[in-house]
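# What the coordinates show
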Amino acid sequence: VAPGDTSGAVFTNWSATDLAPMTIAESLRTSCDTVYYQFGYDFWARWRPDSFGTNNEPFQRDLRQWGFGTPAEIDLPGSQAGVIPDAKFAADHPDTYPDGWVPGGDVLLAIGSGDTLVTPMQMASAYAALANGGHLCRPHVVDKIVDADKNVVKTVGGRCDAQLPYSQPELNSITSALETV
């Protein structure tokens, strides 16, 4: 797909077998990338970023709401943010993105490919949010710190103060679909 082309694209699976139209639940169960390629392309076509990424890029915004692209805030050293690529990322990497953020960026992002980087802790936190009714919790390794005499020096509480902007039926639908995998 050429930069700027929003006329549509045809995506094929790794197999020549036609998998036919399918629901989101079925696409999760079978891990059908082409369903998500189309979502990525549609996001790009509808909310095409300008060269500075100032159009709000809702796809990237939604992924960041789940904790991707930001450090997990775990109480261990070395927490990494990962990368949710966007128009600014493309502008900062002109050797890789000479034409800026093109449709293929969102197409690859839709399946977690390309320059997308997430940590195992971010994935665990996202799945936990599904199980927690949409509450995104900050993970912790300990629940308290004690001194040599076993006196509690500090209590480390699990903060679950972020709420994902999805209804319980929406979260239940995804959870039910993932249970079939």
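As shown above, the structure is provided for reference.
Residues numbered from 1 in each chain as written. Predicted model: local features only at pLDDT ≥ 70, side-chain atom pairs only at ≥ 80, totals over all residues. Heavy atoms only, no water.

This part is about the environment of Pro71. Along the chain, Pro71 turns up in the loop between α3 (58–65) and α4 (87–92). Looking at Pro71, the relative accessible area reads 44%, which means it is partly exposed. Considered as a pair, Pro71 and Gln122 are 51 residues apart in the sequence and their alpha carbons are 8.2 Å apart. Beyond its immediate stretch of four places on either side in the chain, Pro71 contacts Ser79, Gln80 and Ala81. (Helix = DSSP H or I, 4+ residues; strand = E, 2+ residues; numbered from the N terminus. Buried < 20%, exposed > 50% of the residue type's maximum accessible area, 1.4 Å probe, protein only. Contact = heavy atoms within 4.5 Å.)

Looking at the secondary structure, you find Asp106 in helix α5 (residues 103–109). By relative accessible area, which is 3% here, Asp106 ends up buried. Within polar-contact distance, the side chain of Asp106 engages the backbone nitrogen of Trp44 at 3.5 Å. In contact with Asp106, not counting residues within four places along its chain, are Gly40, Phe43, Trp44, Phe59, Gln60 and Trp101. (Polar contact = N/O pair within 3.5 Å; in protein donor to acceptor, adjacent residues only side chain to side chain.)

Moving on to the state of the cysteines. Covalent bonding between the sulfur atoms of two cysteines defines a disulfide. Under the defined criterion, the tally for this structure stands at 1 disulfide. There is a disulfide in this structure between Cys137 and Cys160, and the S-S distance comes to 1.9 Å. Residues Cys137 and Cys160 are joined through a disulfide that is right-handed, its torsion about the S-S bond being 110°. Of this pair, Cys137 sits in the loop between β1 (135–136) and β2 (144–146) while Cys160 sits in the loop between β3 (152–155) and β4 (162–163); the two residues are 23 residues apart in sequence, bridging distant segments of the chain. Relative accessible area serves as the criterion here: at 22%, Cys137 is assigned to the partly exposed category. The class for Cys160 is partly exposed, based on a relative accessible area of 37%. (Disulfide = S-S within 2.5 Å.)

Turning our eyes to something else, we now look at the packing of aromatic side chains. Within a pair of aromatic rings, the relevant descriptors are the distance that separates the centres and the angle that separates the planes. Under the criterion given, the structure shown has 5 aromatic pairs. Plain terms: the ring middles of Trp66 and Tyr166 are 5.8 Å apart, the flat faces sit at 40° to each other, and that makes the pair tilted. Of this pair, Trp66 sits in the loop between α3 and α4 while Tyr166 sits in the loop between β4 and α7 (168–179), and the two are 100 residues apart along the sequence. In this structure Trp66 comes out as buried when scored by relative accessible area, which is 16%. An aromatic cluster is defined as three or more aromatic residues linked by ring pairs; in this entry it consists of Phe89, Tyr97 and Trp101. (Phe/Tyr/Trp six-rings, centres within 6.5 Å; stacked < 30°, edge-to-face > 60°.)

What follows deals with α3. Every buried residue belonging to α3 is among Pro58, Phe59, Gln60 and Leu63, and all of these are buried. Once α3 ends, the next one or two residues include Gly67, with phi positive near 100°.

We now examine the pattern of salt bridges. Counted according to the given criterion, the structure contains 5 salt bridges. The salt bridge involving Asp86 is made with Arg64; its shortest N-O contact spans 2.9 Å. Taken together, the residues Asp86 in the loop between α3 and α4 and Arg64 in helix α3 connect sequence positions 22 residues apart. Residue classification places Arg64 among the partly exposed positions, given a relative accessible area of 32%. (Salt bridge = Lys/Arg side-chain N within 4 Å of Asp/Glu carboxyl O.)

Moving on, we get to a nonpolar patch on the surface. Taken together, the side chains of Leu76, Val141, Val142, Ile145 and Val153 define a hydrophobic patch exposed on the protein surface, amounting to about 420 Å² of accessible area. Tracing the chain through its elements places Val142 in the loop between β1 and β2. (Patch = residues over 30% accessible without salt bridge, like charges linked within 9 Å, V, L, I, M, F, W, Y side chains within 5 Å. Areas by Shrake-Rupley, 256 points an atom, 1.4 Å probe, with all protein chains shown as cover.)

So yeah, pure geometry; function would need other evidence.
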